[in-house]
Amino acid sequence: MLFEKPVGPNGEESGFPVLINGYGSARRMALALGKENVEEIGNEVGALVKAKPPAGLGEAWDLLKKGLELRHARPVSVGRGACQEVVKKAGEGGGGLGEIPVLKTWPKDGGPFLTLPQVITEDPETKERNVGMYRMQVLGPWEAALHWQLHKVGARHGKKYREMGRPMPVAVALGGDPANAFAATAPLPDGIDEYMFAGFLRRKSVSFVPAVSQPIQVPADADFVIEGTVDPAGEPVDEGPFGDHTGFYTPVDKYPRFRVTAITHRKGAIYPATVVGKPPMEDFWLGSASVRILMPVLKMNFPELVDLALPAEGIFHNLVFVSLKKQYPYQAFKLMHGLWGAGQMMFTKMIVAVDEQVNVHDTSEVLFYLGANVDPERDMIFIKGPSDSLDHATSVPNVGSHVGIDATRKLPGEGYARGWPEECRTSPEAAARAQTLLAAARGNRR
Ligand SMILES: Cc1cc2nc3c(=O)[nH]c(=O)nc-3n(C[C@H](O)[C@H](O)[C@H](O)COP(=O)(O)O)c2cc1C
């Protein structure tokens with residue numbers, strides 16, 4: 001939805017249009033990445049990691065990284081960028097963030113929030129770049145709160161700068177090629193540059209120019225770039241409340257203060273935003289695309305894995321349905337532990353494992369096998385681990401329990417000695433006969 005002339009809270013017309021829901025369906029998500037469907041990209045990733053089957057997840061990511069480099073996806077530096085057609089520096093007048101039509105979504109939100117920012121930081125030691133999508137609350141014309149959660153790479157970079165006592169340069173890109181913002185959401189491991197991944201997706205390297213007020217590179221085609229610093233000695237600020245993608249308000253918490261030193265933009269820039277709330281919302285399509293694209297990396301590491309779905313109701317981390325080809329007892333539990341050890345999958349609160357023929361994208365079908373095949377005491381495991389910062393159900397923030405439920409048919413080696421019953425299925429002959437009769441009936445009606 002493109003709002004050509006958005007109007008601010010005091011009735012004033014903004015100088016910039018707002019684009020919302022640009023990724024809000026499977027089709028739009030694929031178009032944003034220049035493809036007919038995202039599975040095409042998954043197949044390409046599969047080809048990259050299959051070249052030399054990896055021995056573990058770490059090796060699979062390394063292979064992907066090398067593959068991306070070979071595909072000429074490396075970012076390149078250029079002299080000039082459209083993102084700097086207009087330059088506004090702090091201290092030289094102007095309304096700063098107030099000139100951007102940043103949305104306040106829910107009635108009890110603590111203020112306006114930038115919801116689709118590509119937050120660019122660097123590791124102060126290795127200089128490795130990270131891009132993460134971390135929302136930002138506008139606190140004033142030239143300051144904002146940076147909501148990088150405890151477990152995210154931006155937070156890790158921030159901690160290093162704080163320990164070194166050095167001001168941290170941060171750049172926030174908005175818009176530009178739609179693959180860039182998508183890459184910022186993708187759960188890539190530390191060390192893979194999201195902009196290299198975006199270059200791979202678009203078959204074209206992302207071009208960079210130096211920021212105008214900070215020692216950091218910014219994508220040349222962005223609609224807006226907000227440059228600034230986080231002070232290592234600065235007290236964290238109140239961030240929130242924010243009506244979150246959990247469907248609940250995330251309460252006020254402490255996050256770093258981001259001081260804006262410059263805002264640059266294209267002439268005719270469009271401000272991109274998303275609205276989050278009870279699922280399904282736009283972020284569901286972003287998350288689903290990541291799962292489809294990165295699935296081959298998981299499959300390489302877990303040969304029994306057939307398919308995996310994060311149903312919208314589970315808002316990413318609450319619920320994962322996984323199907324597997326079971327060969328030996330307790331293999332479903334083995335797979336669950338592996339998934340909990342795979343990057344941001346560590347946040348998954350509940351994993352339901354089903355047999356290979358079950359369609360994990362059909363929640364009703366999964367629930368049928370969950371009900372039918374589970375003896376709760378025998379088939380559930382509980383573990384403790386880190387939890388998503390947004391999970392309000394855990395007794396204390398950031399840690400909690402996780403449950404795995406094995407809804408596959410049980411083997412004798414799993415303590416089941418009764419002989420698993422056969423499922424009722426229509427015989428192929430009866431099904432074919434029914435089809436013939438139905439076709440004839442349709443023909444008669446015509
Ligand atoms: C619309 C949207 C908003 C998000 N907001 C945040 C946020 O405010 N804070 C956060 O830590 N993660 C947020 N995420 C999730 C991160 O972008 C995601 O975990 C990403 O992989 C983090 O990158 P990193 O591993 O480089 O830290 C958001 C994701 C989406 C799709």
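Computed from a prediction, not measured in an experiment: that's the story for all the values here. (Residues numbered from 1 in each chain as written. Predicted model: local features only at pLDDT ≥ 70, side-chain atom pairs only at ≥ 80, totals over all residues.)

Caption draft 1: Summary view of the overall build of the protein chain. Secondary structure summary: the protein chain contains 11 helices and 24 strands in total. Its C-alpha radius of gyration of 24 Å places the protein chain within 12% of the 22 Å reference for a compact globule of 446 residues. Counting only C-alpha atoms, the protein chain reaches 80 × 60 × 45 Å along its principal axes. Each of the 446 residues in the protein chain was classed as buried or not, and the buried ones make up 41%. Of the contacts formed within the protein chain by residues at least 6 apart in sequence, a portion of 66% connects residues at least 24 apart. (Helix = DSSP H or I, 4+ residues; strand = E, 2+ residues; numbered from the N terminus. Rg over C-alpha atoms; globule rule 2.2 N^0.38 Å. Buried ≥ 20, exposed ≤ 12 C-beta atoms within 10 Å, placed from the backbone. Contact = placed C-beta atoms within 7 Å.)

Caption draft 2: Region of the structure containing the sheet that holds strand β1 (residues 2-3). Strand order in the open sheet formed by three strands is β1-β2-β19, and the pairing between neighbours is mixed. In the strand order of this sheet, the two ends are held by β1 and β19 (271-273), each with one partner. Of the strand pairs in this sheet, strand β2 (residues 18-20) and β19 are connected by three bridges, and their pairing is parallel. Looking at the pairing, Val18 lines up with Tyr271 of β19. (Pairing = 2+ DSSP bridges.)

Caption draft 3: Region of interest: the site of the ligand. Taken together, 19 residues sit near the ligand, with Gly132, Met133, Arg135, Gln149 and Lys152 positioned nearest. Secondary-structure elements contributing two or more residues to the shell around the ligand are β7 (129-132), α4 (153-164) and α7 (282-301). When its residues are assigned to classes, the shell around the ligand shows seven nonpolar, nine polar and three charged. (Near = placed C-beta within 6 Å. Nonpolar A, V, L, I, M, F, W, Y, C, P; charged D, E, K, R; others polar.)

Caption draft 4: Main features of helix α2 (residues 39-50). Its 12 residues place the ends of α2 16 Å apart at the C-alpha level, agreeing with the 16 Å of an ideal helix rising 1.5 Å per residue. Looking at the buried residues of α2, the elements they touch are α3 (57-70), α6 (194-202) and α7. (Expected span 1.5 Å × (residues − 1).)

Caption draft 5: Region of interest: the environment of Trp61. Considering the arrangement of structural elements, one finds Trp61 in helix α3. For Trp61 and Arg129, which are 68 residues apart along the polypeptide, the C-alpha to C-alpha distance reads 16 Å.

Caption draft 6: Local environment of the pairing of strand β11 (residues 207-210). Where strand β3 (residues 76-77) and β11 come together, two bridges link them in parallel fashion. Across the sheet, the residue bridging to Ser77 is Phe208, located in β11. Inspection of the sheet shows β11 paired to strand β12 (residues 217-219) by three bridges, in the antiparallel sense. Its bridge partner being in β12, Pro210 is matched across the sheet by Gln217. Here β11 folds back onto β12, and the loop between the two strands holds six residues.

Caption draft 7: Structural context of the packing of α3 against α7. Where α3 contacts α7, the two axes come as close as 9 Å, and the packing angle between them is 140°. Between α3 and α7, the crossing angle belongs to the class labelled oblique. Two packed elements cross with a definite hand, and for α3 against α7 that hand is right-handed. Counted together, Leu57, Ala60, Trp61 and Leu64 of α3 and Val297, Met300 and Asn301 of α7 form the full contact between these two elements. Tallied by class, residues from the contact of α3 with α7 come to six nonpolar, one polar and no charged. (Axes fitted to C-alpha atoms, helices over the stretch in contact; angles between N-to-C directions. Parallel < 35°, antiparallel > 145°, perpendicular 65-115°, else oblique. Left-handed = near helix turned anticlockwise from the far one by under 90°.)

Caption draft 8: Here's a closer look at the packing of α2 against α3. In contact at an axis separation of 8 Å, α2 and α3 are set at 110° when each is read in the N-to-C sense. Here α2 lies roughly perpendicular to α3, going by the angle between them. Contact residues: α2 offers Val45, Leu48 and Val49, while α3 offers Ala60, Leu63, Leu64 and Gly67. Broken down by class, the residue content of the contact of α2 with α3 amounts to six nonpolar, one polar and no charged.

Caption draft 9: Geometry of the sheet that holds β12. Spatial strand order, β3-β11-β12: three strands in an open sheet with mixed pairing. What marks the edges here is a single partner per strand, and that holds for β3 and β12.

Keep in mind that these numbers describe shape and distance, not what the molecule does.
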